[in-house]
Protein chains: 4
Amino acid sequence: MPFPAPLTGVVPPVCTPLTPEREVDVDSLVRLVDHLVDAGVHGLFVLGSSSEAAYLTDRQRRLVVETVAGHLGGRLPVLAGAIDMTTPRVLDHVAAVTAAGADAVVVTAPFYARPHPAETARHFRRVAERSPVPVLAYDIPACVHTKLGADLVLGLAADGVLAGLKDSSGDQAGFRAVVTGARTRPDITGFSVLTGSELLVDTSLAMGADGAVPGLSNVDPAAYVRLYDLCRAGDRDRARAEQERLCALFGMVRAGEAGGRMSGGSSAIGAFKAALHLRGVIDCPVTAEPQTPLSADETELVGKYLAAAGLL
Amino acid sequence: MPFPAPLTGVVPPVCTPLTPEREVDVDSLVRLVDHLVDAGVHGLFVLGSSSEAAYLTDRQRRLVVETVAGHLGGRLPVLAGAIDMTTPRVLDHVAAVTAAGADAVVVTAPFYARPHPAETARHFRRVAERSPVPVLAYDIPACVHTKLGADLVLGLAADGVLAGLKDSSGDQAGFRAVVTGARTRPDITGFSVLTGSELLVDTSLAMGADGAVPGLSNVDPAAYVRLYDLCRAGDRDRARAEQERLCALFGMVRAGEAGGRMSGGSSAIGAFKAALHLRGVIDCPVTAEPQTPLSADETELVGKYLAAAGLL
Amino acid sequence: MPFPAPLTGVVPPVCTPLTPEREVDVDSLVRLVDHLVDAGVHGLFVLGSSSEAAYLTDRQRRLVVETVAGHLGGRLPVLAGAIDMTTPRVLDHVAAVTAAGADAVVVTAPFYARPHPAETARHFRRVAERSPVPVLAYDIPACVHTKLGADLVLGLAADGVLAGLKDSSGDQAGFRAVVTGARTRPDITGFSVLTGSELLVDTSLAMGADGAVPGLSNVDPAAYVRLYDLCRAGDRDRARAEQERLCALFGMVRAGEAGGRMSGGSSAIGAFKAALHLRGVIDCPVTAEPQTPLSADETELVGKYLAAAGLL
Amino acid sequence: MPFPAPLTGVVPPVCTPLTPEREVDVDSLVRLVDHLVDAGVHGLFVLGSSSEAAYLTDRQRRLVVETVAGHLGGRLPVLAGAIDMTTPRVLDHVAAVTAAGADAVVVTAPFYARPHPAETARHFRRVAERSPVPVLAYDIPACVHTKLGADLVLGLAADGVLAGLKDSSGDQAGFRAVVTGARTRPDITGFSVLTGSELLVDTSLAMGADGAVPGLSNVDPAAYVRLYDLCRAGDRDRARAEQERLCALFGMVRAGEAGGRMSGGSSAIGAFKAALHLRGVIDCPVTAEPQTPLSADETELVGKYLAAAGLL
């Protein structure tokens, strides 16, 4: 579908179900998409960090976009990550995901390379010049090790280079500067500011953000849609209660951390997939190599979080 | 050629000459290979950081390996980087570069993903299981944001997973632990320990390292071969003098930093390429997008370093 | 005055006016205290980061506490930083500032030393055992290079070790975990959760925080008191407008950054002091050694921010 | 004694023995000094990181300097750390330690505050202007979180601000730049370049360094003196063997790390003190608060390292 300007609402970063052999499980992926669409989400983001994009081969990435875009058939906008190290490699992904049906692409700062901010800006300009669809910036310093400054983002927004920002930086003060700038600067229109935080959706929307891209919305999409609607309606007390319920549920992401055998990222993705498996949405909770899988005990702990939230 | 165990000597990380349109300049690449081979180097490392591997598309990477391996025709071992974020993507590169003629692959820890050390070890094991050629670890925390511990490297060496280490960490104490372990542990044989530092080749070899992979050896390969030979001969005073001459020459990597428009990496690669252009080895000094190019003044400064070293 | 449990409201981290010779300017300090008290603030925090505590000698620190506590005469609670590297040194400061009249002490994790979390917990326990007044934790990873985890803080709160938290970490998700835990855990009572952010007071209070310690409240204390009252009254739209006005004013902290001659901290403190000087509250805007002072142009820029906010 | 220019040789950073009540154990400190002097060391550095300076109160710091300087009576130069956050506080320590008998002071970049390099330079200039004795820079980014650049150090050396550098940065390439600059620049004379690394003394001296300040020389000072003499004599093979023996012994610093209860620093200091206690030099191995002490098993492991090195 034509990409809305600005994009608003809940846009889950869709997990990528895998088979035990670690191929894309197309049937489970379709079921996951239905699970999200039925809950009322406003768009889908594939090939992001929660999608294990960093772990998927080019062939697998293409299959994911084709599957999701094909199944949706234009009912919702599909954003696709084009996650790679530098401009030339990102451009190859942009070509591939748009050929496969993506309505917009989501692009980080260069990584591995350690860019100067002027080079990061140049990167987004070059990508946008060659992209057939709108480009959103993905601010995720934990992965790429540079932070997108508010001035850089707003400047690129004003120049029509960027159509939006997905902020997974954890820096709410910087996020607010973008939100306020996008809302008040006369030279910026139709720019979508989305938080990637599971835990700060209510306060982000209260600042004026357009929407959210929370990994946990894979597990409980209906709750994030409710939360979004409560915020839009100005019912901030019930919004806070819903947000706090989701904060408690989010505790599942640490299920695998106590064992000292995996990273926080592996634990979080493992927990989301275990939850989707326990809820019957996907067939297999396996994560991509070389991530350590959750143990049986750790999976049981995820189940307890689901039960406490009334989801099991 | 069969990969020697251990690999020793000077193994330049070969720059990737580009055309003004930023395609691989095959003719210049062949001339650069001849320039290095004629100087007496002991192997070539393509698709490393100095090769701008992070900036090359898959197609360009393949062309580089085919060109270099084809031109060498087995005269020297060709190591090829398989630089990507995680195991599945690295395995695709391993398949591609070995099909194109690489004699060994060089692999970093996972990045973008932030792996636990147990996951990094699992990564190297999975890659080695599937690689048809020996695997060397590439320790480059400035790019991948984790450090390979000496115990991890030595354990993987003892298990036959790794055939060597290219250490670009700057941590000489950790490097020494690997060098000493590789030399003294009875369960480790044929393991090659190579420093990636331009500035510490003499002291690294004095510790017992097997060789060096210095980016600056693109510019002055004969000097690094001389330095290696002096070290092997135990002539440490002349070795130090040669090393200090190269330290002075290395100052060129900061040519572009003063302007505040580019990263240190862009400045260094830009300087190497400018020097190769000024010395008549390659046709065009351009670097890949989105790196800021050196200005005319900055290029002139590179020329002064060359002149001071008697290279122009 | 007896320290309230929990402490609520606006608690400015009081700047330390200096003479041109860089001695504590007692007269200006008293005027600054009056300026804050007259605006209706709820407590004062001396010897924090905004107070340049890191730059003050022990003699100067004592004079600051004596001056402020003496002038207040118990009208408001006085919190005093006991900023030093480790437990024994912090305990000396605790003794000094409580002898000088502080009603509570504010203590960071150990720094210079790089503590394990178990050692940080032990640090707070040892300090609390020996402190005659309540102890608040000061989470400021930008200065001390470790982050206080929510579980650690809440555990120490439940054990009665800590009476509150001043959070200058910028991590609103972690802050929320402490706020929610302090509000809902039955084993925690009277624990005060304060944000150190100038820019997120409205959203922090909306989460359930007790108050704020914003450096910018030195410059415009009345606005922060208004903001606090609007939040308490549930008038979130007017609160947001007031907050956004303060966000714009806060731009002054970058007045000195463009010149490339000073740190962000020096620019921020320099701007606050320049603003207090321009508003006629303090006699001299000088900052402590070795901070680079603002230039005349940079000071003029601060004046423009004040004028735009209607403060000049 | 008059501070030699340049200072050369082995200069142990003297541990600070404590009583079980964590007061300075003066008798043990005197025995430790004798143990070092008898081994032939060339100077003593008190109140450095290995001395737990960050954990000592001002009163304790003074007692340490008085004890060591008084006991030495001018037989060897005494360097004293003046470790604190900023210029005014450092100047108070400079006054105290020189009054107590120090022949030179050792000063880090500002910390807690996050200085701009121009402010760090200003800091050293202000300290040197007011110090009655020579000032050495202490480059220890692991503790102070900024790195002293080679150009900054050499510039201050040329201006007579700094009399030397203790480099605990681990950055041998940067260290080499200072070593080479100090040796070759005509505007620098009498500048002492000392490595703080236990593991790289042979290669540092081979580069042209003047000496070493290794924490492990508390435990085995005679070996470091032997190593220094072998290096000076040009007997590099025996030097390497001695260095590698010390590298193996240095493994003791990790004795406490496996338990997950203490920092690397606490483990290292705990191991040095346990070794000195086991060797009969000091009465009590206790470390300062809030460091976790070594367990009995961990202490036994330290003993095994000593036994393997023939020291027990």
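Residues numbered from 1 in each chain as written. Chains lettered and ligands numbered in written order. Predicted model: local features only at pLDDT ≥ 70, side-chain atom pairs only at ≥ 80, totals over all residues. Heavy atoms only, no water.

### With respect to the overall build of chain A
Part 1 of the reasoning: In terms of helices and strands, chain A carries twelve helices and eight strands.
Part 2 of the reasoning: A compact globule built from 312 residues would reach a C-alpha radius of gyration of about 20 Å, and chain A, at 18 Å, matches this within 12%.
Part 3 of the reasoning: Looking at chain A residue by residue over its 312 residues, the buried ones come to 64%.
Part 4 of the reasoning: Long-range pairs, those at least 24 residues apart, make up 72% of the contacts in chain A between residues at least 6 apart in sequence.
Part 5 of the reasoning: Carbon and sulfur atoms make up 53% of the accessible area of chain A, which totals about 10000 Å².
Part 6 of the reasoning: Considering chain A, the positive charge centre built from 28 side chains and the negative charge centre built from 35 side chains are found 3 Å apart. (Helix = DSSP H or I, 4+ residues; strand = E, 2+ residues; numbered from the N terminus. Rg over C-alpha atoms; globule rule 2.2 N^0.38 Å. Buried < 20%, exposed > 50% of the residue type's maximum accessible area, 1.4 Å probe, protein only. Contact = heavy atoms within 4.5 Å. Areas by Shrake-Rupley, 256 points an atom, 1.4 Å probe, with all protein chains shown as cover. Lys, Arg positive; Asp, Glu negative; His and termini not counted. Charge placed at Lys NZ, Arg CZ, Asp CG, Glu CD.)

### Points about unusual backbone geometry
Part 1 of the reasoning: Cis peptide bonds are those with omega within 30 degrees of zero, and the linkage from A5 of chain B to P6 of chain B qualifies with -5°.
Part 2 of the reasoning: In this structure, P6 of chain B sits in the segment before β1 (9–10).
Part 3 of the reasoning: At the junction of E289 of chain C and P290 of chain C, the peptide bond is cis and its omega measures out at 5° in the coordinates.
Part 4 of the reasoning: Mapping P290 of chain C onto the fold places it in the loop between α11 (264–278) and α12 (296–308).
Part 5 of the reasoning: Positive phi values are uncommon outside glycine, yet R22 of chain D reaches one of about 65°.

### Considering the relation of the copies chain B and chain A
Part 1 of the reasoning: Rotating chain B by 180° and moving it 0.0 Å along the rotation axis overlays it on chain A with an RMSD of 0.0 Å. Both copies of the chain, as the preceding transformation shows, are related through a two-fold rotation axis.
Part 2 of the reasoning: Comparing contact sets, 100% of the residues at the interface of chain B also lie at the interface in chain A, consistent with an isologous, same-surface contact. (Least-squares fit on C-alpha atoms with pLDDT ≥ 70 in both.)

### Focus: the interface of chain B and chain A
Part 1 of the reasoning: The interface is formed by 47 residues belonging to chain B together with 47 residues belonging to chain A.
Part 2 of the reasoning: Looking only at chain B, the three residues that lose the most surface to chain A are R89, Y112 and P290 of chain B, adding up to 21% of its buried area.
Part 3 of the reasoning: If you look at where chain B meets chain A, you find eight salt bridges.
Part 4 of the reasoning: Across the pair D84 of chain B and R89 of chain A runs a salt bridge, and its minimum N-O distance is 3.4 Å.
Part 5 of the reasoning: Counting the contacts that link chain B with chain A gives 24 residue pairs in polar contact (both at pLDDT 80 or more).
Part 6 of the reasoning: For the side of chain B that touches chain A, the secondary structure elements donating two or more residues are α2 (58–72), α3 (87–99), α4 (117–130) and α5 (141–144) of chain B.
Part 7 of the reasoning: Its residues placed into classes, the side of chain B that touches chain A shows 21 nonpolar, 14 polar and twelve charged. (Buried area = accessible area lost by both parts, 1.4 Å probe. Salt bridge = Lys/Arg side-chain N within 4 Å of Asp/Glu carboxyl O. Polar contact = N/O pair within 3.5 Å; in protein donor to acceptor, adjacent residues only side chain to side chain. Nonpolar A, V, L, I, M, F, W, Y, C, P; charged D, E, K, R; others polar.)

### With respect to the pattern of salt bridges
Part 1 of the reasoning: Applying the stated criterion across every chain, the model contains 92 salt bridges over all chains.
Part 2 of the reasoning: Taking the shortest distance from any N to any O, the salt bridge between R31 of chain B and D283 of chain B comes out at 2.7 Å. With R31 of chain B in helix α1 (residues 26–38) and D283 of chain B in the loop between α11 (264–278) and α12 (296–308), the pair connects residues that are 252 residues apart, well separated along the chain.
Part 3 of the reasoning: Overlapping salt bridges, with partners in common, bring together D58, D84 and R89 of chain A together with D58, D84 and R89 of chain B in one network.

### Overview of the packing of aromatic side chains
Part 1 of the reasoning: Overall, the coordinates contain ten aromatic pairs over all chains when judged by the stated rule.
Part 2 of the reasoning: Ring geometry for F45 of chain C versus Y138 of chain C: centroids 5.8 Å apart, planes at 75°, classification edge-to-face. With F45 of chain C in strand β2 (residues 44–46) and Y138 of chain C in strand β5 (residues 135–139), this pair connects stretches of sequence that are 93 residues apart.
Part 3 of the reasoning: Look at F111 of chain C and Y112 of chain D: their rings are 5.1 Å apart centre to centre, the planes differ by 45°, and that puts the pair in the tilted class. You can see F111 of chain C sitting in the loop between β4 (104–108) and α4 (117–130) and its partner Y112 of chain D sitting in the loop between β4 (104–108) and α4 (117–130), one on each of two chains.
Part 4 of the reasoning: With relative accessibility at 1%, the residue F111 of chain C sits in the buried group.
Part 5 of the reasoning: Each member of the aromatic cluster is reached from another via a ring pair, and the members are F111 and Y112 of chain A together with F111 and Y112 of chain B. (Phe/Tyr/Trp six-rings, centres within 6.5 Å; stacked < 30°, edge-to-face > 60°.)

### Re the side chain of D167 of chain C
All names here are of chain C.
Part 1 of the reasoning: Within the element layout of this structure, D167 appears in strand β6 (residues 164–167).
Part 2 of the reasoning: The buried charged residue D167 lacks any salt bridge partner; its closest oppositely charged side chain belongs to K147, at an N-O distance of 4.4 Å.
Part 3 of the reasoning: Engagement of the side chain of D167 in a polar contact is seen with the side chain of S169, the distance being 2.8 Å.
Part 4 of the reasoning: For D167, the residues in contact, after removing those within four places along its chain, are D139, K147, F175, L194, T195, G196 and S197.

### Focus: the interface of chain D and chain C
Part 1 of the reasoning: Counting from both sides, the interface comprises 47 residues of chain D and, opposite them, 47 residues of chain C.
Part 2 of the reasoning: Summing both partners gives a buried area of about 3800 Å² for chain D against chain C, and 55% of it is carried by carbon and sulfur.
Part 3 of the reasoning: For the chain D face of the interface with chain C, the top three residues by lost area are R89, Y112 and P290 of chain D, together amounting to 21%.
Part 4 of the reasoning: Where chain D packs against chain C, one counts eight salt bridges.
Part 5 of the reasoning: We note a salt bridge from R126 of chain D to E289 of chain C, for which the minimum N-O separation is 3.0 Å.
Part 6 of the reasoning: Across the contact surface, chain D and chain C share 25 residue pairs in polar contact (both at pLDDT 80 or more).
Part 7 of the reasoning: Of the residues that constitute the side of chain D that touches chain C, the class distribution is 21 nonpolar, 14 polar and twelve charged.

### Considering the sheet that holds strand β8 (residues 211–212) of chain B
Residue and element names in this part refer to chain B.
Part 1 of the reasoning: Spatial strand order, β1-β8-β7-β6-β5-β4-β3-β2: eight strands in an open sheet with parallel pairing. Since the sheet does not close on itself, it has two edges, and those belong to β1 and β2 (44–46), each with one partner.
Part 2 of the reasoning: Looking at chain direction, strand β6 (residues 164–167) and strand β7 (residues 192–195) are connected through four bridges and run parallel. Among the inter-strand pairings, L165 is bridged to a residue of β7, identified as V193. (Pairing = 2+ DSSP bridges.)

### Focus on the UniProt feature "binding site: pyruvate" (unreviewed entry) in chain A
Residue and element names in this part refer to chain A.
Part 1 of the reasoning: Using the residue numbers shown here, the UniProt feature "binding site: pyruvate" (unreviewed entry) corresponds to V213.
Part 2 of the reasoning: Relative to the helices and strands, V213 is located in the loop between β8 (211–212) and α9 (221–232).
Part 3 of the reasoning: Judged by relative accessible area, V213 falls into the buried class, the value being 3%.
Part 4 of the reasoning: In this structure, V213 is in contact with V11, P12, P13, F45, K166, L194, T195 and G196, ignoring residues within four places of it in sequence. (UniProt positions renumbered as here; feature names shortened; annotations may be inferred.)

### Section: the side chain of T287 of chain C
Part 1 of the reasoning: Here T287 of chain C lies in the loop between α11 and α12.
Part 2 of the reasoning: Dropping the residues within four chain positions of it, T287 of chain C is found in contact with L18, R22, E52, I269, G270, K273 and T292 of chain C.

### Section: the packing of α11 of chain C against α12 of chain C
Residues and elements named next belong to chain C.
Part 1 of the reasoning: Contact geometry for α11 and α12: axes closest at 9 Å, N-to-C directions at 70°. It follows that α11 is roughly perpendicular to α12 by the angle criterion. For the element pair α11 and α12, the recorded crossing hand is right-handed. Residue-level contacts link A271, A274, A275 and L278 of α11 to T299, V302, G303 and L306 of α12. (Axes fitted to C-alpha atoms, helices over the stretch in contact; angles between N-to-C directions. Parallel < 35°, antiparallel > 145°, perpendicular 65-115°, else oblique. Left-handed = near helix turned anticlockwise from the far one by under 90°.)

### Regarding the nonpolar core
Part 1 of the reasoning: Formed by 468 residues in total, the largest nonpolar core has its most connected members in M252 of chain A, M252 of chain B, M252 of chain C together with M252 of chain D.
Part 2 of the reasoning: Discounting residues that sit within four places of it in the chain, M252 of chain A has contacts with L216, V219, A271, F272, A275, V302, Y305 and L306 of chain A. (Core = buried A, V, L, I, M, F, W, Y, C linked by side-chain atoms within 4.5 Å.)

### Points about the sheet that holds strand β2 (residues 44–46) of chain D
Each strand in a sheet pairs with another by means of backbone hydrogen bonds, the pair being arranged parallel or else antiparallel.
Residue and element names in this part refer to chain D.
Part 1 of the reasoning: Overall, parallel pairing links the eight strands, which are arranged β1-β8-β7-β6-β5-β4-β3-β2 in an open sheet. Edge strands, defined here as strands with exactly one partner in the open sheet, are β1 (9–10) and β2.
Part 2 of the reasoning: Two elements, β4 and strand β5 (residues 135–139), share four bridges in a ladder whose sense is parallel. Each residue of the ladder has a partner; that of V107, found in β5, is A137.
Part 3 of the reasoning: In this fold helix α2 (residues 58–72) packs onto β2 and β3 (78–81), with an angle of close to 160° to the strand it touches most, β2.

### Some points on the UniProt feature "active site" (unreviewed entry) in chain A
Part 1 of the reasoning: According to UniProt, the positions carrying the feature "active site" (unreviewed entry) are Y138 and K166 of chain A. A maximum C-alpha distance of 4.8 Å is found for the annotated residues, which run over 29 residues; spatially they form one tight group.
Part 2 of the reasoning: Aside from chain neighbours lying at most four places away, what touches Y138 of chain A is F45, G48, S49, I83, V106, V107, T108, A109, L148, K166 and S168 of chain A together with Y112 of chain B.
Part 3 of the reasoning: Looking at the element boundaries, K166 of chain A is found in strand β6 (residues 164–167).
Part 4 of the reasoning: Judged by relative accessible area, which is 6%, K166 of chain A ranks as buried.
Part 5 of the reasoning: Residues within four places of K166 of chain A in sequence aside, it is in contact with F45, A137, Y138, D139, L194, G196 and V213 of chain A.

### Digging into the arrangement of the chains
Part 1 of the reasoning: One finds no contact between chain B and chain C; the C-alpha atoms of the two approach each other to within 11 Å at their closest.
Part 2 of the reasoning: As for chain D relative to chain A, no contact occurs, and the smallest C-alpha gap between them is 11 Å.

### With respect to the confidence of the model for chain A
Part 1 of the reasoning: Chain-level statistics for chain A give a pLDDT mean of 97 and a share of 100% at 70 or above.
Part 2 of the reasoning: Reported confidences for the modelled complex are a pTM of 0.98 and an ipTM of 0.98. (pLDDT = per-residue confidence, 0-100.)

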